[in-house]
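Remarks on the overall topology
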Amino acid sequence: MITQTALRDRSLLGLKELSRGEIESILNRAAHWEAQKEKLAPVLESRFVANMFFENSTRTRFSFEMAEKRLGAQVLNFTAAASSVEKGESIYDTVRTLESMGIDAGVIRLKPAGVLQQLAQKVNVPLVNAGDGNNEHPTQALLDLYTMRKAFGELKGLRVSIIGDILHSRVARSNLWALQKFGADVRFCAPQTMQAPELAEHAPYVGLEEALDADVVMMLRVQLERHQHGLITSAEDYREHYGLTEERASRLKPSTIIMHPAPVNRNVEVDDAVVESEASRIFPQMANGVPIRMAVMERAMKL
């Protein structure tokens, strides 16, 4: 019988505390699932998973659901807007309710940072972080690493520039913690108002021209809904100073790949033609999310 501690150890709350060996194991298992050519593999048959999204999501939610169903799991999809959370039920009570109904794991996305870690200590099923506040987004970073490894063979020595709203980005944080475990050189580039000062000791902030001299240029979504808070004056202004325009993309090294966690504000952080260019890995990233999440859910639930 699996102990409660062992079940909790199957959780994936973030990559900062996850070892390089554990990350590598997930990447390797994802390669196994990708090689199955999208065949159904019912290794999680009779297992139940609840996708609990307390924050809006499209790509991440569908990617998890596709991964779970390909593994044969029974999937319960939960959205806060259509639940008792709208009536005042707490996130904790919602998770405990689903746990008591017999789920074997929960995938959770929520806005407040730190809540997921508290939940994981109070429930006895593995929890998988699908994005919590501006803390971490581990499966996004795992699929990013997987994409880079497919392009370059290994991660050690890669120069990776992450450009955009670092301050609010859980993607930037998870990528930073994971990439550095593999010996990659991570650098940030952001307007002053979008920098996270506490991350400067882990990766330097550089100007845009220096950032573009990289093996991987990862653009982050400009959160247009934050315009009213004065982070940027306009989408056009951001594109002019920090966007990956066609002209800037033409100056990248021929081997450089372009990435973005999506959704993309086309012609703001990345020009439309650049999204569709040969160097872009934006849509392959999305495809890679399925085998990565298959590996993560198998790790969480397989008996």
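Here's a quick rundown of the structure. (Residues numbered from 1 in each chain as written. Predicted model: local features only at pLDDT ≥ 70, side-chain atom pairs only at ≥ 80, totals over all residues. Heavy atoms only, no water.)

1. Brief notes about the side chain of Ser169
Condition: By the criteria applied, helices consist of DSSP H or I runs no shorter than four residues and strands consist of E runs no shorter than two, each listed in order from the N terminus. Buried means the residue's accessible area, taken with a 1.4 Å probe over protein chains only, is under 20% of the maximum for its type, while exposed means over 50%, and partly exposed covers the values in between. N or O atoms within 3.5 Å of each other form a polar contact, as long as, within protein, one can give a hydrogen and the other can take it, and as long as residues adjacent in sequence are counted only when both atoms are side-chain atoms. By definition in these notes, contact holds between two residues if any of their heavy atoms fall within 4.5 Å.
If you trace the backbone, Ser169 turns up in the loop between strand S5 (159-163) and helix H7 (170-181). Since its relative accessible area comes to 8%, Ser169 is described here as buried. A polar contact of 3.3 Å, which involves the side chain of Ser169, links it to the backbone nitrogen of Val171. Other than its neighbours up to four places away in sequence, Ser169 contacts Asn134 and Leu220.

2. Topic: helix H3 (residues 59-70)
Given 3.6 residues to a turn, an α-helix orients residues that are three or four positions apart in the same direction. For clarity, the threshold we go by: Expected helix span is given by 1.5 Å per residue-to-residue step, counting one fewer step than there are residues.
Over its 12 residues, H3 runs 16 Å from end to end, which matches the ideal 16 Å to within 8%, given 1.5 Å per residue. Within the sequence span of H3, burial applies to Thr60, Arg61, Ser63, Phe64, Glu65, Ala67, Glu68 and Arg70. Where H3 ends, the next residue or the one after it, Gly72, has phi of about 85°, a positive value.

3. Concerning the sheet that holds strand S3 (residues 105-110)
Keep this limit in mind: Two strands are said to pair when DSSP picks up at least two bridges between them. For every element, the axis is a line fit to its C-alpha atoms; helices are fit only across the contacting stretch, and the angle between N-to-C directions ranges from 0 to 180 degrees.
An order of S2-S1-S3-S4 is seen for the 4 strands of this open sheet, with the pairing classed as parallel. At either margin of the open sheet sits one strand with a lone partner, and together these are strand S2 (74-79) and strand S4 (127-132). The average undirected angle you get between the axes of adjacent strands in this sheet is 10°. Looking at chain direction, S3 and S4 are connected through 4 bridges and run parallel. Paired with Ile108 across the two strands is Asn129, which belongs to S4.

4. Description of unusual backbone geometry
In this chain, Ala262 is followed by Pro263 through a cis amide linkage whose omega measures 0°. Within the fold, Pro263 resides in the loop between strand S8 (257-259) and helix H11 (272-275). A positive phi angle is found at Ser46, which is not glycine, with a value near 75°. With respect to the element layout, Ser46 can be found in the loop between helix H2 (20-35) and strand S1 (48-53). Here the phi dihedral of Asn267 falls at roughly 65°; this positive angle occurs in a residue that is not glycine. Residue position: Asn267 is located in the loop between S8 and H11. By relative accessible area, Asn267 is classed as partly exposed at 42%.

5. Quick look at the sheet that holds S5
The 4 strands are arranged S6-S5-S7-S8 in an open sheet whose pairing can be described as parallel. Only two strands of the sheet have a single neighbouring strand rather than two, namely strand S6 (185-189) and S8. Within the sheet, the average angular offset between the axes of one strand and its neighbour, ignoring direction, is 20°. As paired strands, S5 and strand S7 (residues 216-219) are joined by 4 bridges and run parallel to one another. By the bridge assignment, Ile163 is partnered in S7 with Met219. Sitting on the sheet, H7 is in contact with S5, S6 and S7, with an inclination near 160° to S6.

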